[in-house]
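# Per-entry structural report
The lines below spell out each chain.
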Amino acid sequence: MRIAEKIVEITEKHRIPYVFKGSFKKANRTRLDSFTGIGDEKALRILQKVGQTFDIPVLTDIHVPSDAEKAAAYVDVLQIPAFLVRQTDLVVAAAKTGKPVNLKKAQFMSPESMRFAVEKVTASGNNRVMLTERGTMFGYGDLVVDFRSLPVMRRYAPVILDITHSLQQPNQSSGVSGGRPELIETIARAGVAAGLDGIFLETHYNPSEAQSDAANMLALDRLEPLLRKLIDLHQLVNRWEKS
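The structure contained in this document is the topic of the report that follows.

### Side note on helix α2 (residues 40-54)
- Between its terminal C-alpha atoms α2 stretches 22 Å, which fits the 21 Å expected from 15 residues at 1.5 Å a residue.
- Those residues of α2 not exposed but buried are Ala 43, Leu 44, Leu 47, Val 50, Gly 51 and Phe 54. One side of α2 holds all its buried residues, which, seen down the axis, span an arc of 120 degrees. Relative to its buried face, α2 has exposed residues pointing more than 90 degrees away, namely Lys 49 and Gln 52.
- Its buried side turned inward, α2 meets α1 (2-13), β1 (20-21), β2 (58-61) and α3 (65-72).

Here is the structure:
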């Protein structure tokens, strides 16, 4: 709640539309002893309280078809994780709730192939769909963002750039993903310059204490300075596109 409160303060100040993302469970973990959650219903009630307290939309990811209706009762947007975006039953179940669906591009999929994931949603009677770029596997233990994917996927749906997950270094020998948080601003600026529709990033008062993705998070005290730069860049890009 503290993190949401601080981000709401920042985004309202700068008139930035804000969607809060929180996982009600972390199903995609490398090691068996990794933190996965505090219980589905308890976590979903917390996410619902965040949305109600701050009057903001809330997004969570789902992992099996039965999660769709359960999560839709508490949150505003359903997200399909990158590893699972080819799972037809899962995508269709999310679409049939009528909630907006965010499809994360798999690390192994081309941007062109995401057209078919979008069609699974729209063919299920739901036109509220967006895509998220989160990097492509670069060998076994690194990711790279191919910015050519953004205009390609925008043919099919609005596109979000997941800045922090794009800087993960997965499959480390420790069983815990590494990351390159020093490149967050670089990736964010490049994405805004390329003309995306929104950004996603993970932040924490003290990233080293985060239960997941600690290695690629942005420290919360660095969020507002970064957003100010991105707003200026976004305005410049808009002026350039209109000229």
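### A look at the packing of aromatic side chains
- Using the criterion set out here, one finds zero aromatic pairs in the structure.
- Above the plane of the ring of Tyr 205 lies Arg 2, whose end atom (NZ or CZ) is 4.2 Å from the centre.
- The ring of Phe 200 carries Lys 104 above its face, with NZ or CZ at 5.4 Å from the centroid.

### Let's talk about the sheet that holds strand β4 (residues 101-104)
- Strand order in the open sheet formed by seven strands is β1-β2-β3-β4-β5-β8-β11, and the pairing between neighbours is parallel. The sheet terminates laterally at β1 and β11 (198-200), the two strands that pair on one side only.
- Of the pairings in the sheet, the one linking β2 to strand β3 (residues 77-80) comprises three bridges and is parallel in character. Paired with Leu 59 across the strands is Val 77, a residue of β3.
- Each of β3 and β4 touches helix α4 (residues 88-96); the most contacted strand, β3, lies at about 170 degrees to it.

### Some remarks on unusual backbone geometry
- Residue Arg 15 is not a glycine yet carries a positive backbone phi of 55 degrees.
- Positionally, Arg 15 belongs in the loop between α1 and β1.
- In this model, Asp 55 sits at a positive phi of 55 degrees, which is unusual for a non-glycine residue.
- Within the secondary structure, Asp 55 is located in the loop between α2 and β2.
- Taking the relative accessible area as the measure of exposure, Asp 55 reaches 70% and is therefore exposed.

About the criteria used
- Residues numbered from 1 in each chain as written.
- Predicted model: local features only at pLDDT ≥ 70, side-chain atom pairs only at ≥ 80, totals over all residues.
- Heavy atoms only, no water.
- Helix = DSSP H or I, 4+ residues; strand = E, 2+ residues; numbered from the N terminus.
- Expected span 1.5 Å × (residues − 1).
- Buried < 20%, exposed > 50% of the residue type's maximum accessible area, 1.4 Å probe, protein only.
- Arc of directions from axis to C-beta.
- Contact = heavy atoms within 4.5 Å.
- Phe/Tyr/Trp six-rings, centres within 6.5 Å; stacked < 30°, edge-to-face > 60°.
- Lys NZ or Arg CZ within 6 Å of the ring centre and 35° of its normal.
- Pairing = 2+ DSSP bridges.
- Axes fitted to C-alpha atoms, helices over the stretch in contact; angles between N-to-C directions.

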